[in-house]
Amino acid sequence: MKPRIAVLGCGYWGSNHVRTLKGLGALYAVSDANRDRAEGFASEQNCLALTPDELFQREDVDAIVMALPPQFHAEAAIRAVGAGKDVLVEKPVALTVEDAERAVAAARDKGRVYMVGHVLRFHPAFEKLKALVDAGELGEIRYIHSHRLGLGKFHTENDALWDLAPHDLSMILAITGAAPVEVHGEGAAALDHLSDFAHLHMRFPGNLRGHLFASRLNPYRERRLTVVGTKGMAVFDDVEPWERKLAVYHHSIWQDSGQWAFTADEPHYVPVEQGMPLTRELEHFIQCIETRAEPRTNGEEAIRVLQVLTAGTVRHQRIV
């Protein structure tokens, strides 16, 4: 029998978890501060509707997926693992590193699975990209940059950096295998005191450099991660159709008579198995519950991502 999983928080992203878990045969209950919303999903998906207090007390709930406003994640996770539940916490897992550390430590002390919802780590195109990097196909990695741009969503507690960048940071940290030794952030607030545009500049061991640009006030969508190596470059573009999501560019650069010369080939589109990242993420969560394995996106990674976000956050004066 599959683990009995409940979803706490039935907003936009929580509703995606509800439907995906139902399709996987693991949805047991839903819970939301808005009782009518929870009951609506319970009726639609033929599962239990529980209040948050009931959810933590029920012994028949094995695990909880948390899709709450981030300021509530840490305390909810601590309460859940204390009640013997495994947890998958959506990003960002907290608004401070200290809160995240408390939640991760509580899960460790109780022997519970703590997984973070960095869903793009489970995207087939990213998995293929990382396999290419690990196999040395791009040579020595020198530079990584990501762009995540679009219009919305607007939050009252977290800015564009905290809302949009965790996915990209998770992918960048997975490729580098190390935390940055230097982080510099720049931001601009156009609507209120929270950054609508955010840049992160990072330096990693070995002088590998990284750059991230996130915007929630942009007229077009861009979802692109580029990895530059000494033997080639690769682009994961999630806006492209499946057959063009992962492109590899091979190149040669050399000096000839004191001048730089280079060759550049047309992109080679790497075949990528199609699959929904959220489905694959939740399948991994279920597997970790069943086998007690450490999640690919575990609590330690969540803390590392928050540390970078904190170091790169720009504060603005509140607009009167």
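Here the structure is shown first, and the text comes after it.
Counting restarts for each chain: residues are numbered from 1 in the order of the written sequence. Only residues with pLDDT of 70 or above have their local features reported here, since the model is predicted, and side-chain atom pairs are shown and tallied only from 80 upward, although totals for entire chains, interfaces and linings are computed over all residues. Side-chain measures were taken over the full set of non-hydrogen atoms in the model, leaving aside hydrogen atoms and water.

Participant: Hey, could you go over the sheet that holds strand β4 (residues 63–66) for me, with residue numbers and the actual values?
Facilitator: Note: two strands are recorded as paired if DSSP finds a minimum of 2 bridges between them. Numbering goes from the N terminus for both helices and strands, where a helix is a DSSP run of H or I of at least four residues and a strand is a run of E of at least two. Taken in spatial order, the 6 strands make up an open sheet running β3-β2-β1-β4-β5-β6, and their pairing is parallel. A single partner strand is all that each edge strand has here, and the edge strands are β3 (48–50) and β6 (114–117). Averaged over all pairs of adjacent strands, the angle between their axes in this sheet comes to 20°, without regard to strand direction. Where helices are involved, their axes are fitted lines through C-alpha atoms of the stretch in contact, as for all axes, and angles between N-to-C directions lie from 0 to 180°.

Participant: Mind laying out the pattern of salt bridges, listing which residues take part and the relevant values?
Facilitator: Any carboxyl oxygen of Asp or Glu within 4 Å of a side-chain nitrogen of Lys or Arg constitutes a salt bridge here. Applying the stated criterion to the full structure yields 25 salt bridges. The residue D99 makes a salt bridge to R102 at a minimum N-O spacing of 3.0 Å. Within this pair, D99 and its partner R102 are both found in helix α5 (residues 97–110), separated by 3 residues, close to a single helical turn. With a relative accessible area of 38%, R102 lands in the partly exposed category. When a residue's accessible area, from a 1.4 Å probe over protein chains only, is under 20% of the maximum for its type it is buried; when over 50% it is exposed; and in between it is partly exposed.

Participant: Break down the pairing of strand β5 (residues 86–90) for me, with residues and values.
Facilitator: Counting buried positions along β5 gives 5 out of 5 residues, so the element sits mostly inside the fold. The two faces of β5 match: D86, L88 and E90 on one face and V87 and V89 on the other face are all buried. By the bridge criterion, 4 bridges tie β4 to β5 in an arrangement that is parallel. Across the sheet, the residue bridging to M66 is V89, located in β5. Taken together, β4, helix α4 (residues 73–82) and β5 form a β-α-β motif whose crossover is right-handed. Pairing of β5 with β6 involves 4 bridges; the strand directions are parallel. From the neighbouring strand, E90 faces β6, where its bridge partner is G117. Seen with its strands pointing away from the viewer, a crossover is right-handed if its path from the first strand over the helix to the second goes clockwise.

Participant: Describe the packing of aromatic side chains, naming the residues involved and giving the relevant values.
Facilitator: Only the six-membered ring of Trp is used, alongside the rings of Phe and Tyr, when aromatic pairs are assigned; centres must lie within 6.5 Å, and planes under 30 degrees apart are stacked while those over 60 apart are edge-to-face, with the rest tilted. In the structure shown here, the tally under the stated rule is 1 aromatic pair. The residue whose ring lies beneath K153 is Y12, and the NZ or CZ to ring-centre distance is 3.1 Å. As a reminder, the over-ring test applies to NZ of lysine and CZ of arginine, requiring each to be within 6 Å of the ring centre and within 35 degrees of the ring normal.

Participant: Hey, could you go over unusual backbone geometry for me, with residue numbers and the actual values?
Facilitator: Apart from glycine, the bulk of residues carry a negative phi angle, and the bulk of peptide bonds sit in the trans form. Following K91, the chain continues to P92 via a peptide bond in cis, the omega torsion being -15°. Note on placement: P92 falls in the loop between β5 and α5. Backbone torsion omega between G152 and K153 reads -10°, so that peptide bond is classified as cis. Positive phi, normally seen in glycine, also occurs at N46, with a value near 60°. When its relative accessible area of 67% is taken as the criterion, N46 is described as exposed. At N207, a position not held by glycine, the phi torsion is positive, near 65°. Structurally, N207 is set in the loop between β9 (197–203) and β10 (209–215).

Participant: A description of α4 should follow, citing residues and the corresponding values.
Facilitator: H73, A74, A76, A77, A80 and V81 are the residues of α4 that are buried. Here the buried residues of α4 occupy an arc of 165° about the axis, which is enough to place them on one side. In what follows, residue pairs with any heavy atoms lying within 4.5 Å of each other are defined as contacts. Against β1 (5–8), α3 (52–57), β4, β5, α5 and β6 lie the buried residues of α4. At the exit of α4 stands G84, carrying a positive phi of roughly 85°. Comment: arc refers to directions from the helix axis out to C-beta atoms.

Participant: Give a detailed account of the packing of α5 against helix α9 (residues 299–312), specifying residues and quantitative values.
Facilitator: When two helices pack together, their arrangement is given by the angle between their axes and by how far apart the axes lie. With their axes 9 Å apart at the nearest point, α5 and α9 run at an angle of 175° to one another. Here α5 lies roughly antiparallel to α9, going by the angle between them. The residues of α9 that touch α5, namely those facing V97, A100, E101, V104 and R108, are G299, E300, I303, L306, Q307 and T310. Residues are grouped as follows: nonpolar covers Ala, Val, Leu, Ile, Met, Phe, Trp, Tyr, Cys and Pro; charged covers Asp, Glu, Lys and Arg; every other residue, Gly included, is treated as polar. The residue makeup of the contact of α5 with α9, split by class, is 5 nonpolar, 3 polar and 3 charged. If an angle is under 35 degrees, it is roughly parallel; if it is over 145, roughly antiparallel; if it lies from 65 to 115, roughly perpendicular; otherwise it is oblique.

Participant: How would you summarise helix α6 (residues 124–134) if you had to cite specific residues and measurements?
Facilitator: Along an α-helix, residues three or four positions apart point the same way, because every turn accommodates 3.6 residues. Of all the positions in α6, only P124, A125, F126, L129, L132 and V133 are classed as buried. Where α6 is buried, its residues meet β7 (141–151), α7 (160–176), β11 (217–229), β12 (232–237), β13 (246–256) and α8 (277–291). Immediately downstream of α6, the backbone of G136 shows phi near 80°, a positive value.

Participant: Please set out the environment of A107 residue by residue, giving values where relevant.
Facilitator: Within the secondary structure, A107 sits in helix α5. Discounting chain neighbours no more than four positions away, the residues touching A107 are V81, R112 and Y114.

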